[in-house]
Amino acid sequence: MQGLLMDFWGRGGPWIASIGLGLLCCHDLSPAWGTAGHASLDSHESQPALQKAPPQTRVKEQWSDTHQDRDSRLRPSFAQGSVPSVADLSDVAPTDWAYQALQSLVERYGCVTGLPGGGFEGRRSLTRYEFAAALDGCLQAWGERRSLDDLSAEEWETLERLQRDFRQELNSLGDRVADLDRQIAQLEAQEFSPTLVMGGESIIALSAGFGGNDTSGDATNPVLTHLTRLGFVSSLTGRDRLRLEFQASNFANRGFASPSGFNSDMALLSFQGNTNNEIQLSRLEYRVALSDRFVITARPVGFSLSSVLTANSPYFDAGRGAISRFAEASPAFKLGRLDAGGGFDWLISDTVRLQGAYGVRNSHRPQEGQGLFNSDHSAFGVQLFLKPAPTVLTGISYLNSYSGNGRLDTFTGSFLADTNSFINEPARIQGVNATLQWRVVENVTFSTWGTWLFSDALDSDRSATTTSYLFGLSYADPFQREGDLLALLVGQPLRVVSGTGLPFGEDEDTSLHFELFYRLRLSDRISITPGVFVVTNPEHNADNPALVVGTIRTTFRF
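Residues numbered from 1 in each chain as written. Predicted model: local features only at pLDDT ≥ 70, side-chain atom pairs only at ≥ 80, totals over all residues. Heavy atoms only, no water.

Within the protein chain, the regular secondary structure consists of eight helices and 16 strands. By the burial criterion, 49% of the 558 residues in the protein chain qualify as buried. Pairs at least 24 apart in sequence give 67% of the contacts found in the protein chain among residues at least 6 apart. (Helix = DSSP H or I, 4+ residues; strand = E, 2+ residues; numbered from the N terminus. Buried < 20%, exposed > 50% of the residue type's maximum accessible area, 1.4 Å probe, protein only. Contact = heavy atoms within 4.5 Å.)

Here's what the structure looks like:
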């Protein structure tokens, strides 16, 4: 069995390094449904729809404001629309040595203006360009109020000398303003948002394993690990979203699930992964709203069915949700160990949503049996997502998958379940999944999901049926502490319940997963989550003693 496990790990293990997708930057609900009024109804990886982005006019306003601030340095104190009186300048007093000069400029020429806030900043240094701009503004202000013929001979001579001395700066000033106008026109024509939002998350956890077989223990010692993610989000048109995410992690050798540990995927944590502390691109996604109710998604890196289909789990968050991989969301949304795909999200009405997703493994390889439409591992899913009441969210999904080796590859149940008891030949996998979240009272949320997967070999009469379910109850803001969450989760990891011609038969017994965690909010950006989960009869085998995994997870968001 250990040899088979090692072979399984050799084929599918590297995907474990990408566990824990999602931050970041955009947990958005639909324009019609708005944001959830309760933390327990927030979703994690997929969302009902992309929020309507700021209109393009907002982008133009931002650019206009930017260049206005830059141009204001050329005319700090002189411009059209002068102050009515020098007394309106808050930082100018009658005892100042230049008070009389300012008073004359205001009353006779009307070409002195204050800065925002009503000040003048008379002690600030002045460049030649600034003086040239002030001179030009003063001439324009005079021209609007009086004729140049009203100037005395002495004033006329002074103006001529100033224009002559500053001719070069005045000409250069005109060129600079024209250049700014060209830049603004070019930026507006490109319609590119100047806003790039950066966010990140670092999960640092102290974890340990207990129990299991007598042979367990070599790889269940306490460990201190991290998962760090950095994401960037931007918009090109105001109605789309481009997201990139990089991550680094160091939970090595499958952690407590390794053959030298508990030897079971039931011991996997939700936030574990291993890149050997090297930074890797973990997500690349582009979403665009074709209308206020229809969004399409393309994700060539880091795809799973939950990238489009709403997982509808209040615990689907590596940093703030469930501590185990099994309890965070239904295994149906992890089917196939996919890496690229896309889909659509259609808000039919304010209470009905239709979602569809398609993904493959090795989409970037053009060889036979790989690629986008000829891959030996692919999955399609469609979900009807409903909001029958303000406190209820529910979804019903149909899944259709193809596996070249007959495996499910969800890493959420027994070894027999995830390999379909070694069908070991091409198989068609169909499934049904149902989810529910119900806010029973203001601070209490009940959630559940159930999955049935039916696998049929294409070259023989072999078949397998696997099931999984979970019930969750959470209490938000206990002890009047806003942002805290206490949760109890109970479920059955993926299990082979029946089959035909299976080489290793069905799972004989039933494992149950019990999980308890308390998320303690220290600030808007820091939380600490002590938690523990217990799995009885690991691998659905009553001969295996219960395994226990405990952790103290600290999450930093920035």
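Having seen it, we continue.
Turning our attention to the packing of aromatic side chains. Counting across every chain of the model gives eleven aromatic pairs. Where F422 meets F504, the ring centres are 5.4 Å apart and the plane angle is 55 degrees; that geometry is what we call tilted. Here F504 lies in the loop between β13 (485-500) and β14 (512-521) and F422 lies in the loop between α8 (415-418) and β10 (427-441), a separation of 82 residues in the sequence. A relative accessible area of 11% places F422 in the buried class. (Phe/Tyr/Trp six-rings, centres within 6.5 Å; stacked < 30°, edge-to-face > 60°.)

Bridge count between strand β7 (residues 352-360) and strand β8 (residues 377-389): nine bridges; the pairing is antiparallel. Within the sheet, the bridge partner assigned to V360 lies in β8 and is S378. The sheet contact formed by β8 and strand β9 (residues 392-403) spans eleven bridges and is antiparallel. Looking at the pairing, Q383 lines up with S397 of β9. In this antiparallel pair of consecutive strands, β8 and β9, the connection spans two residues. (Pairing = 2+ DSSP bridges.)

Once that is clear, we can look at a nonpolar patch on the surface. A contiguous nonpolar patch, built from I204, L206, L224, I552 and F556 and spanning about 440 Å² of accessible area, is present on the exposed surface. Among the elements of the structure, β1 (196-211) and β16 (547-557) are those that each provide at least two residues to the nonpolar patch. Take F556: it is sitting in strand β16. (Patch = residues over 30% accessible without salt bridge, like charges linked within 9 Å, V, L, I, M, F, W, Y side chains within 5 Å. Areas by Shrake-Rupley, 256 points an atom, 1.4 Å probe, with all protein chains shown as cover. Salt bridge = Lys/Arg side-chain N within 4 Å of Asp/Glu carboxyl O.)

Here we come to the environment of L284. If you trace the backbone, L284 turns up in strand β4 (residues 280-291). Between the C-alpha atom of L284 and that of F232, which follows or precedes it by 52 residues, the distance is 9.8 Å. Setting aside residues no more than four positions away along its own chain, L284 makes contact with L242, R243, L244, A298, R299, P300 and V301.

In this section: the pairing of strand β2 (residues 223-234). Strand direction decides the pairing type here: β1 and β2, joined by twelve bridges, are antiparallel. Bridged to G199 within β2 is G231. Where β2 lies against strand β3 (residues 240-249), eight bridges are found, and the strand directions are antiparallel. Each bridged residue has a counterpart across the sheet, and for V233 the counterpart in β3 is R243. Between β2 and β3, which pair antiparallel in sequence order, lie five residues; one of them, G238, sits at a positive phi of approximately 95 degrees.

Our next topic: the side chain of D317. Within the fold, D317 resides in the loop between β5 (294-301) and α7 (325-328). Judged by relative accessible area, which is 8%, D317 ranks as buried. There is a polar contact of 3.1 Å between the side chain of D317 and the side chain of R557. (Polar contact = N/O pair within 3.5 Å; in protein donor to acceptor, adjacent residues only side chain to side chain.)

On to the confidence of the model for the protein chain. Predicted confidence across the protein chain gives a mean pLDDT of 80, with 77% of residues reaching 70 or more. Note that residues 1-81 has pLDDT below 50 and, in this model, 227 contacts with residues that lie over four places away or in other chains. (pLDDT = per-residue confidence, 0-100.)

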